[in-house]
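# Understanding the architecture of this molecule
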Amino acid sequence: MRKLYFISFLLVSILSTNLFAQKDITFSHVEPPFWWAGMKETELQIMFHNETADFTNYKVSLDYPGVKIKEVTIPENPHFIFVTLDIASAKAGILPFLFTEGKKKLKYAYTLKERENKTKAQGVTSADVVYLIMPDRFANGDPTNDNIKGMHEGLERDKPFGRHGGDIKGINDHLDYIEDLGVTALWLNPVLENNQEKGSYHGYAITDLYNVDRRFGSNETYKKFIESSHQKGIKIIQDMVMNHIGLGHWFMKDMPTKDWIHYYPDYVQTSFRAHVISDPYKSSADSVKMSNGWFVKDMPDINQSNPLFAKYLIQNSIWWVEFAGIDGIRQDTHPYPDKNFISDWINALVKEYPSFYIVGEVWMGSIPHIAYWQKGVDNKDGYKPALPSVTDFPLCFAIAQTLTEDSGWETGVNKLYNVLSQDFIYPDANHNLTFVDNHDMTRFFLLVKRDLKKFKQGIGFLLTTRGIPQLYYGTELLMDGDAASHPDVRKDFPGGWPGDAQNAFTAAGRTEEQNEAFDFMRTLLNWRKGEELIHSGKLTHFVPEDDVYVYFRHDKDRAVMVMINGSSKEVNVKTERFAEITSRYKSAADVLTKKEFASIESLSIGANEILILELK
């Protein structure tokens with residue numbers, strides 16, 4: 001009897017074990033999590049992943065009208081299956097995937113959605129002004145997401161490198177302030193998950209490419225925020241990173257292929273010498289180290305030349321445009337990824353969304369090095385970039401130097417003239433993103449030594465010259481900070497947190513000097529919003545004389561005249577040498593003060609002042 005009982009127990013145990021082994025496997029990740037019917041690109045690659053399964057011998061089948069399986073790829077890591085579909089004639093619905101190995105079966109219902117019938121990807125042009133916000137440091141609209149179970153960092157507002165609690169709701173709550181200021185587009189530093197052990201507040205060490213960081217909100221929170229912004233006429237630029245991911249990304253625990261991350265498991269840092277890419281005399285060693293080296297130890301460098309990863313990244317960007325309705329992308333560290341991949345990535349986005357705006361961060365001080373990356377340039381090495389807009393660092397540097405250096409042949413206001421005179425190198429300088437500072441740079445007010453008059457000159461120039469201007473949150477409040485410590489230029493917006501001693505979102509909460517700066521910018525921004533001459537009018541400038549730089553934005557019917565006095569004394573300017581523009585006009589009105597000038601034959605401009613005049 002005991003022997004029979006033992007045999008029965010053994011049979012049940014074996015049967016149970018066998019049943020357990022054949023139990024349906026669930027997927028840890030399916031990315032993209034869903035897609036849309038009716039896209040211009042008819043090929044869709046779906047990545048299925050389970051960190052404990054072995055899919056080596058699995059077969060994949062799918063029976064759905066208008067959908068064909070083009071390819072099934074099981075990479076060297078059998079925890080993954082990549083399925084490529086042709087969805088050219090597919091309608092929205094549920095795709096019934098079946099994965100089989102012998103008697104093992106796994107079903108997965110994949111959603112193919114109907115595209116929403118609304119405007120997406122409006123694009124950003126020189127008619128816009130971009131306002132850059134670091135979400136963690138702008139406003140805390142939802143304190144309940146300050147600390148999230150399972151995420152490494154919680155609220156540590158007393159620590160410069162800690163999480164301060166700013167979120168998407170905080171930005172959404174202050175859209176009226178942003179609209180009133182007069183900007184027309186928001187660029188947010190990355191909002192995707194950064195579940196790193198420390199120092200993740202900035203957003204550039206992404207650990208999940210398909211989900212908003214829960215300390216900022218959710219994917220739906222983000223989507224609704226974008227809809228609210230659009231209702232106020234404000235466009236959204238999403239900050240994306242093609243060069244690296246965060247060390248805490250789940251890919252780092254289970255990579256599809258050994259070459260998914262450059263140099264892994266070793267750490268080799270990039271040289272940061274971005275000019276190597278366009279150098280006609282570069283060595284292969286220098287080129288490889290620049291492109292494949294890690295940015296820092298907690299940001300592994302990803303391999304965009306791997307075709308599976310390349311497709312994954314391209315689809316990820318398209319997914320965010322289609323899901324969230326963003327209008328543009330700011331591409332971080334643009335020269336660092338594989339340059340041929342970057343062109344393919346841009347072309348895929350523009351194919352799907354012809355008006356879409358993409359600006360690449362090209363942090364170099366030389367105009368030729370930056371122009372190398374802009375679409376339409378004739379590069380001698382044969383590289384054909386697809387990037388519509390580049391970050392204009394040479395002009396940025398020139399603005400601060402103009403206002404702080406002694407006047408000379410190549411300095412003072414002559415520097416602005418000289419830099420702009422090189423615009424022939426750019427295929428489209430009016431599409432450059434122009435700025436005086438950003439989240440990585442010393443604040444502009446500190447750069448001009450807290451001189452409000454010079455501050456106004458710099459901002460006035462930025463908002464009236466060619467290009468797409470970008471401002472950094474708090475510039476209108478004269479916030480300052482030295483980039484020697486990054487958190488110093490990423491301080492909290494005063495009034496964004498309950499209990500803040502100062503609420504700078506209101507005039508009553510600002511100092512007299514802050515209100516002067518705010519009113520100056522607000523007046524100029526709201527005037528610029530409707531002034532087509534500044535958006536697309538011809539730019540004509542004249543060689544500076546007596547430390548005064550004069551330029552015009554004009555067309556055949558109208559003209560705006562801008563004068564910048566780089567000297568510390570009042571200057572009387574005779575306008576006869578500007579006759580090719582001014583001869584058709586007799587009077588003028590000051591855009592900022594509304595002061596009328598009955599005659600423009602001679603104009604006086606005060607020390608370190610800027611005049612912006614509508615000619616009549």
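Numbering of residues begins from 1 in every chain and follows the order in which that chain's sequence is written. For a predicted model such as this one, the threshold for reporting local features is a pLDDT of at least 70, and the threshold for listing and counting side-chain atom pairs is 80 or more; totals across whole chains, interfaces and linings nevertheless cover every residue. Values shown for side chains rest on all heavy atoms present in the structure; no hydrogens or waters enter the calculation.

For the rest of this paragraph, the subject is the pairing of strand β8 (residues 104–113). The pairing criterion for strands is at least two bridges between them, as found by DSSP. Helix and strand definitions here come from DSSP, where helices need a minimum of 4 consecutive H or I residues and strands a minimum of 2 consecutive E residues; each element is numbered from the N-terminal end. Strand direction decides the pairing type here: strand β2 (residues 35–36) and β8, joined by two bridges, are parallel. Counterpart to W36 in the pairing with β8 is K113. The loop that links strand β7 (residues 93–101) with its antiparallel partner β8 comprises two residues; one of these, G102, has a positive phi angle of about 60 degrees.

Next up on the list: the sheet that holds strand β23 (residues 588–590). Pairing is antiparallel in the open sheet, where six strands are placed in the order β19-β20-β21-β26-β23-β24. The sheet is open, and its two edges are formed by β19 (538–545) and β24 (596–597), each paired on a single side. Direction of pairing for strand β20 (residues 548–554) relative to strand β21 (residues 559–565): antiparallel, over a ladder of seven bridges. Across the sheet, V550 pairs through a bridge with M563, a residue of β21. Residues are treated as being in contact if the distance between any of their heavy atoms lies within 4.5 Å. Lines fitted to C-alpha atoms define the axes here, with helix axes fitted over just the stretch in contact, and angles between the N-to-C directions of these axes take values from 0 to 180 degrees. The strands that helix α12 (residues 452–462) touches are β20, β21 and β26 (610–615); relative to β26, the one it contacts most, it runs at about 40 degrees.

Only one rule defines a salt bridge in this text: a Lys or Arg side-chain nitrogen within 4 Å of an Asp or Glu carboxyl oxygen. With the rule as written, the count across this model stands at 33 salt bridges. Linking D440 and R490 is a salt bridge whose minimum nitrogen-to-oxygen distance equals 2.7 Å. With D440 in the loop between β17 (433–435) and α11 (444–447) and R490 in the loop between β18 (468–472) and α13 (512–529), this pair connects stretches of sequence that are 50 residues apart. Relative accessible area decides the class of each residue, using a 1.4 Å probe on protein chains only: under 20% of the type maximum gives buried, over 50% gives exposed, and in between gives partly exposed. Exposure remark for D440: the relative accessible area of 17% places this residue in the buried category. Through salt bridges with shared partners, a single ionic network connects D239, R330, D332 and E361.

This next bit is on the packing of aromatic side chains. To pair, rings of Phe, Tyr and Trp, with the six-membered ring standing in for Trp, must have centres within 6.5 Å; the planes then decide the type, stacked if under 30 degrees apart, edge-to-face if over 60, and tilted in the middle. Taken as a whole and judged by the stated rule, the model has 58 aromatic pairs. The interplanar angle of 70 degrees and the centroid separation of 5.5 Å between the aromatic rings of F251 and W260 together place this pair among those described as edge-to-face. This pair shows no difference in class: F251 is buried, exactly as W260 is. With centroids separated by 6.0 Å and ring planes inclined at 75 degrees, the aromatic side chains of W320 and F323 adopt a geometry described as edge-to-face. Note that W320 and F323 are positioned in helix α6 (residues 307–324) at a spacing of three residues, about one turn of the helix. Per residue, the accessibility class of W320 equals that of F323, and both read buried. When the ring centre of F34 is taken as origin, the NZ or CZ atom of K113, which lies over that ring, is 3.9 Å away. Distance and angle both matter: a charge sits over a ring if NZ of Lys or CZ of Arg is within 6 Å of the ring centre and within 35 degrees of the ring normal. The ring of Y201 is capped by R137, whose NZ or CZ atom sits 4.0 Å from the centre of that ring.

As paired strands, strand β5 (residues 68–73) and strand β6 (residues 80–86) are joined by five bridges and run antiparallel to one another. Bridge pairing links T73 to F82 in β6. Count of turn residues in the β5/β6 antiparallel hairpin: six residues.

This next bit is on the sheet that holds β18. Spatially, the eight strands line up as an open sheet ordered β16-β15-β14-β13-β10-β9-β18-β17, and their pairing is parallel. The open sheet has two edge strands with one neighbour each: β16 (389–390) and β17.

A word on the nonpolar core. Joining through side-chain atoms within 4.5 Å is the link that ties buried Ala, Val, Leu, Ile, Met, Phe, Trp, Tyr and Cys residues into a set, and such a set is a nonpolar core. Counting 173 residues, the largest nonpolar core has F97, Y131, I178, L186, Y222 and I326 as its most contacted members. In terms of residues, this core owes the most to one element, α6, which gives twelve residues. Dropping the residues within four chain positions of it, I178 is found in contact with Y131, I133, F138, I171, V183, L186 and I234. By size, the runner-up hydrophobic cluster in this structure holds 20 residues, among which are A588, I600, L603 and L613.

With respect to the helices and strands, N306 occurs in the loop between α5 (284–292) and α6. Side-chain atoms alone can form a polar contact between residues adjacent in sequence; in general such a contact is a pair of N or O atoms within 3.5 Å, and within protein one must be able to donate a hydrogen while the other accepts it. Within the local environment of N306, its side chain forms a polar contact with the side chain of T257, the two groups lying 3.1 Å apart. In terms of polar contacts, N306 uses its side chain to reach the backbone amide nitrogen of L308, at 2.9 Å.

So, to be careful, I would describe these as geometric facts and stop short of saying anything about function.
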